[in-house]
Structures are given as structure tokens and as C-alpha cells.
Amino acid sequence: MTREVPSAPYSDETLVAYLDNQLSEPQRAKFEAQLAQDDVLAQRLAQMLRSNLPFHDAFGAMLQQAPVGKLQAALDAIPDVPAAGSRRFSRRALLAASVSFLAVGLLAGRYSTLFESDDNWRARVADYMSLYTAQTLADVYDSAGQQKIQLARVQNTLGIALSPAALAVQGADLKDARMLHYDDYDIAQITYLDLRYGPMALCITRSEHRDTTAQQSEIRRGMNVVYWRNAGYNFMLIGHSPAPALAAYAAALQANLA
């Protein structure tokens, strides 16, 4: 099935998907072509990169793969003239902002205390997940082969063996698995698209404790959260599903992953 390539004007969800490396190659190429000639789009991307959300620390590996070189080449090829109808911004200035935030953000180390407590890391995950919509995950390439590669990468990094069967959630489609890096901590993020309630994610980190804890619930950024610890790993399930439904999902996942 051929996926539709988003067209300008781009939604905030598309900008987030671009930062999150969720766009396909044709989508990314089309977005970058528009970015090179669209002052407003470049300014929106720069503003999003300046936000307080932990894009840079959370997605260090992804940002290292971001097309900074392509953006810089596009910047060098553009005459430094003011954008039409604007005396404050030039296209080069706006693109330079995007390039600089991509290149420098990882070096800033603005969130050095991110993992001072379990509460803090769950708050950061909730901040990021609050940006997700169904459209964010709609075009994710979720083939069985791709998921196998992604889960192998998770196992190589965290040492936890996962399979699509063990991660299956009734009523939700498994979309992808990725490794995030917050400060000195690696997090596996497994995303789902709940057919009724939208995006959902299971996040896993290593723990210094080997004990098993009972599931606990909380609400963050308007989303329900269930978290627990088992055999040296912290688990967090977050989504817009009603609390009883999310608790049932978490119980099934905990049993499968025990």
C-alpha cells in the first residue's frame, strides 16, 4: 500500500514526526525541499527546537543522524536576502537557527539531572508522548521484518529479549521499537496505536534493583500511566486509554515479559 506524502502547509504533527525520525525517505525528502524555501516552516521548526521539551537529550542518536549537512548546504546556497514581506527574518537566518539547534542542542547538556528520580523520567516521557497523535504513527513503517530489527537493537542495548508476540496488546497495533538516550540512561520505547484511544507507549529502562514491584498508576499530561519494576528493569505504560483498560494492558504485558 502506498503511503501518502504529507503536503504543505505541514501540521505540527508532521514537524514532530520529522524531529522524531518517523517520516519515510520520500516524506523526509519532500519536507526538506520545502524547508529550504519556506521561511515560515523554517521558523516553526526553529521554535519547536527551542522548546523546553527534551528533544536533544532524548534523541541524541537520532539527532546525530539528522540531515544537518543537507540543511547547511541548502543554507549556503540561499542568498542572504530578507524574506518577502518581512524586515526581521531572512531565509538564511531562519534555516541557520534550525541548523544551529540541531547541531548544538546535544552539546548543551541542559537536562543533566533528568534521572534524579523515577518520577522525573516518567515526567519527561509524558512530556514527549503528549505530542503524539494518531497521525504521528499513521505512516510508521511497521513490517514484521522491521520490528525484528528494532527489537534486536533493543536487546543488544538493554539486554532484554522482546518479541512481537510478547508485546502484543489486544485492540492496539504494535508500530515500532526504538532506543532513546536520556542523560546516561538508555530507554526502549515501544509504540502502539490503540484503535480507539490513539498513541500508547511501553518504555523500559534498566534498574539497579532486581526486585519486583506491584503496578502503580498515575496521571501525567492528561494521560494514564501504569509503572512497575521486574528483574532489573523499570517499565512504564502510558496512553490515552481509560485507566482500567490501561491497567489491563499493563497486567498482560507484565505477565508476558516476566
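Residues numbered from 1 in each chain as written. Predicted model: local features only at pLDDT ≥ 70, side-chain atom pairs only at ≥ 80, totals over all residues. Heavy atoms only, no water.

(A) Structural context of helix 10 (residues 144–158). When the terminal C-alpha atoms of helix 10 are compared, their 21 Å separation across 15 residues agrees well with the 21 Å that a helix rising 1.5 Å per residue should span. In the core, the buried residues of helix 10 are packed alongside helix 11 (164–167), strand 1 (172–182), strand 2 (185–194), strand 3 (198–206) and strand 6 (233–239). G159 occupies a position one or two residues after helix 10 and carries a positive phi of about 80 degrees. (Helix = DSSP H or I, 4+ residues; strand = E, 2+ residues; numbered from the N terminus. Expected span 1.5 Å × (residues − 1). Contact = heavy atoms within 4.5 Å.)

(B) Just the nonpolar core, in detail. Counting residues in each nonpolar core, the largest one holds 28 residues, and the members touching the most others are L162, I190, Y192, L202, I204 and L237. Residue assignment for this core shows that the elements contributing at least two residues are helix 10, helix 11, strand 1, strand 2, strand 3, strand 5 (223–230), strand 6 and helix 12 (243–257). Residue contributions to this core peak at five residues, all from helix 12. Setting aside residues up to four positions removed in sequence, L237 forms contacts with M200, A201, L202, N224, V225, V226, W228, L246, Y249, A250 and L253. Formed by 19 residues, the second largest nonpolar core is a distinct cluster that contains A126, M129, A201 and I238. (Core = buried A, V, L, I, M, F, W, Y, C linked by side-chain atoms within 4.5 Å. Buried < 20%, exposed > 50% of the residue type's maximum accessible area, 1.4 Å probe, protein only.)

(C) Geometry of the packing of helix 1 (residues 12–19) against helix 2 (residues 25–35). At their nearest, the axes of helix 1 and helix 2 sit 11 Å apart, and the two run at 110 degrees to each other. When the axes of helix 1 and helix 2 are compared, the pair comes out roughly perpendicular. In this structure, helix 1 meets helix 2 at a crossing whose hand is left-handed. For the pair helix 1 and helix 2, contact is made by T14, L15 and Y18 and by R28, F31 and E32, respectively. Of the residues contributing to the contact of helix 1 with helix 2, the split by class is three nonpolar, one polar and two charged. (Axes fitted to C-alpha atoms, helices over the stretch in contact; angles between N-to-C directions. Parallel < 35°, antiparallel > 145°, perpendicular 65-115°, else oblique. Left-handed = near helix turned anticlockwise from the far one by under 90°. Nonpolar A, V, L, I, M, F, W, Y, C, P; charged D, E, K, R; others polar.)

(D) Molecular detail of the sheet that holds strand 5. An order of 1-2-3-6-5-4 is seen for the six strands of this open sheet, with the pairing classed as antiparallel. Two strands bound the open sheet, and with one partner strand each, they are strand 1 and strand 4 (216–220). Here the strands of the sheet are splayed against their neighbours by 20 degrees on average, with no regard to which way each runs. By the bridge criterion, 10 bridges tie strand 1 to strand 2 in an arrangement that is antiparallel. Counterpart to L174 in the pairing with strand 2 is Y192. Sheet contacts for helix 10: strand 1, strand 2, strand 3 and strand 6; angle to strand 1, the most-contacted strand, approximately 35 degrees. Contacts from helix 12 reach strand 2, strand 3, strand 5 and strand 6, with the element oriented near 25 degrees to strand 5. (Pairing = 2+ DSSP bridges.)

(E) Region of the structure containing the confidence of the model for the protein chain. Summary statistics for the protein chain give a mean pLDDT of 76 and a share of 69% for residues scoring 70 or more. Averaged pLDDT values for the elements of the protein chain fall to 47 in helix 4 (residues 55–58) and rise to 96 in strand 6. Confidence over residues 83–91 falls short of pLDDT 50; this stretch has 14 contacts with residues more than four positions distant or in other chains. Low confidence marks residues 103–116, where pLDDT is under 50. Its contacts with residues over four positions away, or in another chain, come to 29 contacts. (pLDDT = per-residue confidence, 0-100.)

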